[in-house]
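# Structure assessment
Spelled out from the first residue to the last, the chains are:
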Amino acid sequence: MKIAHKDIHKSVFIIAEIGANHEGDLDTAIRMIDAAAGTNADAVKFQTYRAEKIVTPAESQRYAHFQKLELSDNDFITLAKHAQSKGILFLSTPFDIESVELLDPIVPAFKIASGDLTTLALIAAIAQKAKPILLSTGMGSIADIDAALATIRSVNQRLIQEKQVALLHCVSSYPTKIEEANLLSIQFLRQRYDLPVGYSDHVIGPLACETAVALGARIIEKHFTLEKEGKTFRDHALSADPADMKLLVEHIRSIEASFGVPQKIMQPVESSNSRTMRRSVAAKEDIAAGSILKESMLTFLRPATGIPAQDMRAIIGKRTKNPIARSHIITYNDIEV
């Protein structure tokens, strides 16, 4: 899967999830893009919604909350252009079909929130755009995931066939305790669905994200804020600030650099040590010339300049050509082959 020019199979795709941490203020949102770009994250992500399209007005407190966090259509266009100018990809999660239409010209991929895993009409509208989809699975059952993928397949089978859908493990709890992160779901999702997998994190600190990468996550989404302290909106507390995010990016790059290749071979950096750390067959005692070698006469000593330790059985029963002193490393020149 490629998101714009970023190939998630070559490098873990790291999203600084601004979400609504701008709290409805465009200038703050711009400053957050600047800060995220400075952390070397691959993308920033926002949330695009209108209060009347996400919650009933009867839920007056929640309705007012979402109204407060709204940005205008023009704001999102401004933010996308600003992100481009800072060299960081722009993403946003649409929460209604109209927002899908707004975002389609300005995002390289679509994120579907965990809360909308079962909103199949929204999923279908996103699939029609034929862009990579990041499908968050928080609160989801296998049946929910199957239904969402079936919806995508029915609209645009190519997205599934070409693995342009990534499943993001997520626990929809804010914050999530580390013992509730259930990160083995990452491996389960990859094995069951044979699709790219990632992790959308709500655990405070970097540990869950770093573990997720070690378990095979190719996309990491971490909430991001300018500052965690003195905020009433809950997402700030579980977010990474710029210093946290920069360190997380560095750690993830180090983790993936450590992976190497899926086989067991001597690494080039080990070759110089093999001579000094491996052992040779050596004399455990003084051995006279013409002696028949027995296992009791032999031991194993460094360096590996003589007969390799693993070949000891091949010389048992052989006759010595000359006297061999105790602790002498035996070579084939010392025995009658």
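Everything here concerns the structure above.
All residue numbers refer to position in the chain's written sequence, counted from 1. Note on the predicted model: pLDDT of at least 70 is required for a residue's local features to be given, and 80 or more for side-chain atom pairs to be given and counted; whole-chain, interface and lining totals, by contrast, use all residues. Side-chain descriptors were evaluated using all non-hydrogen atoms of the structure, hydrogens and water having been removed beforehand.

The next thing to look at is the overall build of the protein chain. Runs of E in the DSSP output that reach at least two residues are strands. Runs of H or I that reach at least four are helices, and both are numbered from the N terminus. Counting secondary structure elements, the protein chain contains 11 helices and 12 strands. The C-alpha radius of gyration of the protein chain comes to 30 Å, more than 25% above the 20 Å expected for a compact globule of 337 residues. Principal axes of the C-alpha set define a box for the protein chain whose edges measure 100 × 45 × 35 Å. Out of the 337 residues belonging to the protein chain, those deemed buried represent 47%. The contacts in the protein chain between residues at least 6 apart in sequence include a share of 64% that link residues at least 24 apart. Counted as positive: Lys and Arg. Counted as negative: Asp and Glu. His and the chain ends are not counted at all. A single reference atom marks each charge: NZ on Lys, CZ on Arg, CG on Asp, CD on Glu. Here the protein chain holds 39 positive side-chain charges and 40 negative ones, and the gap between their average locations is 10 Å. Values of the radius of gyration come from C-alpha atoms, whereas the globule rule sets the reference at 2.2 Å times the count of residues to the power 0.38. When accessible area is computed with a 1.4 Å probe and restricted to protein chains, residues below 20% of their type maximum are described as buried, those above 50% as exposed, and intermediate ones as partly exposed. Contacts are assigned to residue pairs that have any heavy atoms within 4.5 Å of one another.

As a further point, take the packing of helix 1 (residues 26–37) against helix 3 (residues 73–85). Think of each axis as a best-fit line through the C-alpha atoms, taken over the contacting stretch in the case of a helix, with angles from 0 to 180 degrees between the N-to-C directions. Direction vectors running N to C along helix 1 and helix 3 enclose 20°, while the axes themselves pass 10 Å from each other. The angle between helix 1 and helix 3 places the two elements in the roughly parallel class. For the pair helix 1 and helix 3, the sense of crossing is right-handed. The segment helix 1 lies against helix 3, with Leu26, Ala29, Ile30, Ile33 and Asp34 engaging Asp75, Leu79, His82 and Ala83. Here the residues of the contact of helix 1 with helix 3 sort into six nonpolar, one polar and two charged. For classification, angles of less than 35 degrees are called roughly parallel, those exceeding 145 degrees roughly antiparallel, those between 65 and 115 degrees roughly perpendicular, and all remaining angles oblique. Here a crossing is called left-handed whenever its near helix is offset anticlockwise from the far helix by less than a right angle, and right-handed whenever the offset is clockwise. Lys, Arg, Asp and Glu make up the charged group, whereas Ala, Val, Leu, Ile, Met, Phe, Trp, Tyr, Cys and Pro make up the nonpolar group; the residues left over, Gly among them, are polar.

A word on the sheet that holds strand 5 (residues 89–94). Spatially, eight strands are ordered 5-4-3-10-9-8-7-6 in an open sheet, and the strand pairing comes out parallel. One side of each edge strand has no neighbouring strand; the edge strands of this open sheet are strand 5 and strand 6 (110–112). Taking the axes of each pair of neighbouring strands and ignoring which way they run, one obtains an average angle of 25° across the sheet. The rule for pairing is simple: two strands pair if DSSP sees at least two bridges between them. By the bridge criterion, six bridges tie strand 4 (residues 43–48) to strand 5 in an arrangement that is parallel.

A pair is scored as a salt bridge if a Lys or Arg side-chain nitrogen falls within 4 Å of a carboxyl oxygen belonging to Asp or Glu. In this structure the tally under the stated criterion is 19 salt bridges. Across the pair glutamate 17 and lysine 45 runs a salt bridge whose closest N-O atoms are separated by 3.0 Å. Taken together, the positions of glutamate 17 in strand 3 (residues 13–19) and lysine 45 in strand 4 put the pair 28 residues apart, joining distant regions of the chain. Looking at glutamate 17, the relative accessible area reads 3%, which means it is buried. Looking at lysine 45, the relative accessible area reads 1%, which means it is buried. Note that aspartate 104 is salt-bridged to lysine 131, the shortest N-O span being 3.1 Å. With aspartate 104 in the loop between helix 4 (97–103) and strand 6 and lysine 131 in the loop between helix 5 (120–127) and strand 7 (133–136), this pair connects stretches of sequence that are 27 residues apart. Look at aspartate 104 and you get buried, because its relative accessible area is 19%. Residue classification places lysine 131 among the buried residues on the basis of a relative accessible area of 18%. Several salt bridges share partner residues, and in doing so they unite Lys6, Asp42, Arg218, Arg253 and Glu256 into one network.

A few words now on the nonpolar core. We define a nonpolar core as any set of buried Ala, Val, Leu, Ile, Met, Phe, Trp, Tyr and Cys residues linked to one another through side-chain atoms lying within 4.5 Å. Judged by nonpolar contacts, the single largest core of 64 residues is most densely connected at Phe90, Leu135, Leu149 and Tyr199. With six residues, the single largest contributor to this core is helix 1. When neighbours within four sequence positions are excluded, leucine 135 is seen to be in contact with Ile112, Leu117, Ile123, Ala148, Leu149, Val165, Ala166, Leu167 and Leu168. Judged by nonpolar contacts, the second largest core, of 13 residues, contains Met1, Ile8, Ala109 and Ile219.

Taken residue by residue, helix 2 (residues 60–69) has Tyr63, Phe66 and Leu69 as its buried positions. Seen end-on, helix 2 carries its buried residues on one side only, within an arc spanning 130°. Helix 2 presents Gln61 and Lys68 as exposed residues on the side facing more than 90 degrees away from its buried surface. Here the arc refers to the set of directions running from the helix axis out to each C-beta atom.

Residues tyrosine 174 and proline 175 are joined by a peptide bond in cis, for which omega reads 0°. In this fold, proline 175 is placed in the loop between strand 8 (165–170) and helix 8 (185–193). Arginine 302 connects to proline 303 through a cis peptide bond whose omega is 0°. Relative to the helices and strands, proline 303 is located in the segment after strand 12 (298–301). Within the chain, glutamate 23 stands out as a residue other than glycine whose phi angle is a positive 55°.

This part covers the pairing of strand 9 (residues 197–201). The buried count for strand 9 comes to five of five residues, which makes it a mostly enclosed element. Every second residue of strand 9 is oriented toward a common face, with Val197, Tyr199 and Asp201 on one face and Gly198 and Ser200 on the other, all of them buried. Regarding topology, helix 8 serves as the crossover connection from strand 8 to the parallel strand 9, and that connection is right-handed. Sheet analysis places strand 9 next to strand 10 (residues 219–223), joined by four bridges and oriented parallel. Considered in strand 10, the bridge of serine 200 is made with glutamate 221. The handedness of a crossover follows from its direction of travel: if, with the strands pointing away from the viewer, the path from the first strand over the helix to the second runs clockwise, the crossover is right-handed.

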